[in-house]
Structures are given as C-alpha cells and as structure tokens.
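# Topology and contacts: notes
Next come the chains, spelled out residue by residue.
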Amino acid sequence: MRIFLIHGMGRTPASMWLLSQRLRRAGHRTSTFGYTVTLEGLETIGERFLGHIRDGLAKERARSGGAEPEFAVVGHSLGNVVTRMVSPRLPAGFGGFVMLAPPNRSPAMARLLGDNPVFQAVTQDAGRKLVDDEFFERLPVPDVPALIIAGTRGPQLRWLPFGEQAHDAVVGVDEARLDGIPLVEVPAVHTFLMNRGDVFALIREFLDRRTAHKGGSDRP
C-alpha cells in the first residue's frame, strides 16, 4: 500500500523518517510531506498536501499499469488536522487513516499558550485555529477505517492544563478521541510517539488488515 506521512507542528519530515523506514521494510511504499506553519496558512498547507498525494498516486498508477491504487495516511499531531481538512477531496482509494497524538478538539495546551506573543508569532494561522472550537466542530471526519494512538506519559505537573486526564505533555487522551474510532493508549510522550516500536506494531497491524480486506469501509 502507498502510505503518505505528514508530521506535526514545529517538526519536519525527518521526524517521520524512522517510521517511514519501518513501513518500507514491511513492504509498503512511503512518502513524507513537509510544511512550516510560520510561513503558511493551514489552507495552503492542505492544498499542497493534496497535490503531494495526487502526484504520488500518479506515480503508483504508472508503476502498476494504470490500476487505481489504495493508499493510507499516517499523521502526527497537526498533520491529522490537515488531513481531516482536505479529506472530502482526497482521491479515490483512500483506505485508511492512522492518527498519532491528534488534537481532535481544541487542545488545552494551545489555549494555555494562545495569548503568548511568541506562540502567536510562531504558529500564525495554525495557532489561531487550534484555539477555535468552531473550527474543530467543522472539521470533517473521514469515512474510512481509522485508528487513533494517544500517548499517556506526560508529566503530572500542577501547572499543566490537563487536570486529571492522561496526556502526552501536548495533547490529552480525551482531546484525541473521536466518536466511533478506536483509540489505543501507549506510554509515550508527544514528540517521539511515532518512533516507538509498539506504535509501529499497531500501525502495521492496522495496515495489514486494510491490505487483507481491500474495499472494506468498516472501521476496526
């Protein structure tokens, strides 16, 4: 299967390199997409991500003699928000979505930092949308098999805005949830969650089920 990987805010495609290599060794074909929220609005990032996927699928069709390829997206953090934004326009063949540490509602950490001028300067449009509840209410939920993997190893410090909920130091487990989509908790922090062996095992199992049951629309 063709797998498109999209990193989180403040990171680069290099943050997904190890996961990409593991997926390649498992027989998948991967490509990573990069963006910088300081320089681009989320809509611009989304349009570029769509173009990246379309270009990658064109190469797949050429490789397979014209057959319509099935593909999946594995996103980390804000990369999942970008994917959800553009999901209604993703090409045919979108067959799976793995969300690593996704903010699926306005995250408390972003609200804590929302008035900070440094945060505002660095995050720009993305930062404004992260604190906008209405933006999250409008985000589409792709009607494809999906899996959420959320970290729980964030420090229990009084000044952090998570209260009693488990978190990964950036996103709370409850903030990652979406109705109808399975969520698996792992003892990980946000920044390095994608590099864990147990996370890769979960992704591989999910993708193997998609490969074995192509055309299925039921969520696991």
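So, here's what we can say about the structure. This structure is a prediction, so every number in the text was calculated from the model and none was measured.

Read across the open sheet, the six strands follow the order 2-1-3-4-5-6; overall the sheet is parallel. Lying at the two open borders of the sheet, with one neighbouring strand each, are strand 2 (29-33) and strand 6 (183-186). Adjacent strand axes in the sheet meet at a mean angle of 20 degrees when their direction is disregarded. As paired strands, strand 1 (residues 2-6) and strand 2 are joined by five bridges and run parallel to one another. Each residue of the ladder has a partner; that of F4, found in strand 2, is S31. Against the sheet, helix 3 (residues 78-86) engages strand 1, strand 3 (71-76) and strand 4 (94-100), with an angle of about 150 degrees to strand 4.

Time to look at the pattern of salt bridges. Considering all chains together, one arrives at twelve salt bridges under this definition. One salt bridge connects R48 with E40, and the closest N-O pair in it is separated by 2.7 Å. In this structure, R196 and D198 form a salt bridge, with 2.9 Å as the shortest nitrogen-oxygen distance. Connected through salt bridges with shared partners, the residues R2, R29 and E60 form a single ionic network.

A few words now on the packing of aromatic side chains. Ring pairs (aromatic) are described by centroid distance and by the angle formed between their planes. The final tally for this structure, using the stated rule, is six aromatic pairs. When the centroid spacing of 5.1 Å and the interplanar angle of 45 degrees are considered together, the rings of F33 and F49 count as tilted. Here F49 lies in helix 2 (residues 42-64) and F33 lies in strand 2, a separation of 16 residues in the sequence. In this pair, the class of F33 matches that of F49, namely buried.

Right, let's get into the packing of helix 2 against helix 3. In helix packing, the relevant descriptors are the interaxial angle and the interaxial distance, both defined with respect to the helix axes. Interaxial distance between helix 2 and helix 3 falls to 9 Å at its minimum, and their mutual angle equals 75 degrees. In terms of their interaxial angle, helix 2 and helix 3 are classed as roughly perpendicular. Where helix 2 approaches helix 3, its residues L42, E43, I45, G46, F49 and L50 are matched on the opposing element by L78, V81, V82, T83, M85 and V86. For the contact of helix 2 with helix 3, the per-class residue count stands at nine nonpolar, two polar and one charged.

Our next topic: unusual backbone geometry. Positive phi is not limited to glycine here, since S77 has a value of about 55 degrees. Tracing the backbone shows S77 in the loop between strand 3 and helix 3. A positive phi angle, close to 50 degrees, is found at Q124, a residue other than glycine. Here Q124 lies in helix 5 (residues 117-130). A relative accessible area of 31% means that Q124 is categorised as partly exposed.

Rules of the game
- Residues numbered from 1 in each chain as written.
- Predicted model: local features only at pLDDT ≥ 70, side-chain atom pairs only at ≥ 80, totals over all residues.
- Heavy atoms only, no water.
- Pairing = 2+ DSSP bridges.
- Helix = DSSP H or I, 4+ residues; strand = E, 2+ residues; numbered from the N terminus.
- Axes fitted to C-alpha atoms, helices over the stretch in contact; angles between N-to-C directions.
- Contact = heavy atoms within 4.5 Å.
- Salt bridge = Lys/Arg side-chain N within 4 Å of Asp/Glu carboxyl O.
- Phe/Tyr/Trp six-rings, centres within 6.5 Å; stacked < 30°, edge-to-face > 60°.
- Buried < 20%, exposed > 50% of the residue type's maximum accessible area, 1.4 Å probe, protein only.
- Parallel < 35°, antiparallel > 145°, perpendicular 65-115°, else oblique.
- Nonpolar A, V, L, I, M, F, W, Y, C, P; charged D, E, K, R; others polar.

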